[in-house]
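Take a look at the letters that make up each chain.
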Amino acid sequence: MSVPIVTNASPGRAVQSWLSFYYADELIQVERAQRGRDVSRILIKVDPDCRVRVSAPVGSSDEQVLAALKRRGRWIYQQLREFRAQLTHVRPRQYISGESHYYLGKQYVLKVVEAPDELQQVRLLRGRLEVSVRLKSAEKVRELLHAWYKARAREVFERRLEAVLQQALWVSGKPPLRILSMQTQWGSCSPAGRITLNPHLVKAARECIDYVILHELCHIAEHNHSERFYRLMQQVMPQWERVKERLDGMAASLLNGR
């Protein structure tokens, strides 16, 4: 199972069919995926790229799912408007001095230094991210920053996994951790219990990182988004919905320029 970039629900399955309905004169198209037999709720999710997905229990008819979508029509429409506004205001990265980049929830000013005789590297110095390159090139700066974020992600995620494991009493031993860039997920958990995290998550605040890790640890006990899964999340992080909302709101900025 997985934590998508916006985690209202996580079908984690192939699209079963397409549904559509009108709200405020807009035709909203929705991907439908099947859910497990032990799940009784219809869950709706809107991605930052403005895809709408719904997952429903086995046996739910398209009419039942459409009725649920229409009841949440206003919420879906508002989510789409908000994400479209975010996409409009988030400018593509140019990887030049003066840009703002995130690390652990804080913004840092990028400074690109051309140093032909020095080691090409990234350093975090007094409120700025300094990238030294032999020859100024946006592609080289992007490459160095991506490698730096991935290395920092490994360190931070290992440390936070150790810290939050104390709350996940159902987990025996430290799960294996993989770092992998993903377009629509912050993290995932394999059936064997291996946790995969998106390196761009290291740009978010520590509580957001903890939320995603705890979400995946809960999947070790419950492999779908059942009532028991949400009870576990509430137990280990009572404020998870507030944290999730904060992470959702930053998704476009954190993933810009991946």
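What counts, and where the lines are drawn
Residues numbered from 1 in each chain as written. Predicted model: local features only at pLDDT ≥ 70, side-chain atom pairs only at ≥ 80, totals over all residues. Heavy atoms only, no water. Helix = DSSP H or I, 4+ residues; strand = E, 2+ residues; numbered from the N terminus. Buried < 20%, exposed > 50% of the residue type's maximum accessible area, 1.4 Å probe, protein only. Contact = heavy atoms within 4.5 Å. Areas by Shrake-Rupley, 256 points an atom, 1.4 Å probe, with all protein chains shown as cover. Pairing = 2+ DSSP bridges. Axes fitted to C-alpha atoms, helices over the stretch in contact; angles between N-to-C directions. pLDDT = per-residue confidence, 0-100. Phe/Tyr/Trp six-rings, centres within 6.5 Å; stacked < 30°, edge-to-face > 60°. Core = buried A, V, L, I, M, F, W, Y, C linked by side-chain atoms within 4.5 Å. Polar contact = N/O pair within 3.5 Å; in protein donor to acceptor, adjacent residues only side chain to side chain.

Colleague: Got a minute to help me understand the overall build of the protein chain in this structure?
Modeller: Along the backbone of the protein chain there are six helices and 12 strands. When burial is assessed residue by residue, the protein chain has 49% of its 258 residues classed as buried. In the protein chain, the proportion of contacts linking residues at least 24 apart, taken out of those at least 6 apart, comes to 52%. For the protein chain, the accessible surface area stands at approximately 13000 Å², while carbon and sulfur atoms represent 48% of it.

Colleague: Honestly, the sheet that holds strand 7 (residues 106–114) in this entry has me stumped. Any pointers?
Modeller: Note on sheets: strands pair through backbone hydrogen bonds, and any given pair is parallel or antiparallel. With respect to topology, four strands assemble into an open sheet ordered 6-7-9-8, the strand pairing being mixed. Each end of this open sheet is capped by a strand with a single partner; those strands are strand 6 (100–103) and strand 8 (121–125). Each neighbouring strand pair of the sheet contributes to a mean axis angle of 35°, computed without reference to strand direction. Summarising the sheet, strand 7 and strand 9 (residues 128–133) pair through six bridges and their orientation is parallel. Bridging across to strand 9, Leu-110 finds its partner in Leu-129. Against the sheet, helix 3 (residues 138–164) makes contact with strand 6, strand 7, strand 8 and strand 9, and its axis sits at roughly 125° relative to strand 9, the strand it touches most.

Colleague: In this structure, what is going on with the confidence of the model for the protein chain? I would like to understand it.
Modeller: Low pLDDT means the predicted atomic positions in that stretch should not be read closely. Per-residue confidence for the protein chain averages 85 on the pLDDT scale, and 88% of its residues sit at or above 70. Counting contacts from residues 5–15, a segment whose pLDDT is below 50, to residues more than four positions away or on other chains yields 42 contacts.

Colleague: Please clarify how the environment of Ala-33 should be interpreted in this entry.
Modeller: Within the secondary structure, Ala-33 sits in strand 3 (residues 26–34). Residue class for Ala-33 comes out buried when judged on its relative accessible area of 5%.

Colleague: Help me out: how do you make sense of the packing of aromatic side chains in this one?
Modeller: Note on aromatic pairs: each is described by the distance of the centres and the angle between the planes. The full count for this structure, using the stated rule, is six aromatic pairs. On the basis of an interplanar angle of 85° and a centroid distance of 5.3 Å, the ring pair of Phe-229 and Tyr-230 is categorised as edge-to-face. Per residue, the accessibility class of Phe-229 equals that of Tyr-230, and both read buried. Between Tyr-230 and Trp-240, the ring centres sit 5.9 Å apart and the planes meet at 25°, which makes this aromatic pair stacked. One end of the pair, Tyr-230, is in helix 5 (residues 227–236); the other, Trp-240, is in helix 6 (residues 240–255), with 10 residues separating them in the sequence. Since its relative accessible area comes to 16%, Tyr-230 is described here as buried. The rings of Tyr-211, Phe-229, Tyr-230 and Trp-240 are connected pair by pair, giving a single aromatic cluster.

Colleague: Before we go on, may I ask you to explain the nonpolar core in this structure?
Modeller: Side chains that are nonpolar tend, in soluble globular proteins, to be buried together. One finds Leu-145, Phe-157, Leu-217 and Leu-247 to be the most contacted residues of the largest nonpolar core, which totals 54 residues. Looking at this core, the element that brings in the most residues is helix 3, giving 10 residues. Counting residues in hydrophobic clusters, the runner-up holds 14 residues, among them Ile-28, Val-65, Ile-76 and Leu-80.

Colleague: Would you mind showing me how to read the environment of Ser-100 here?
Modeller: Summarising the element assignment, Ser-100 is placed in strand 6. Separated by 10 residues in sequence, Ser-100 and Leu-110 place their C-alpha atoms 6.1 Å apart. A distance of 2.8 Å separates the side chain of Ser-100 from the side chain of Gln-107, its partner in a polar contact.

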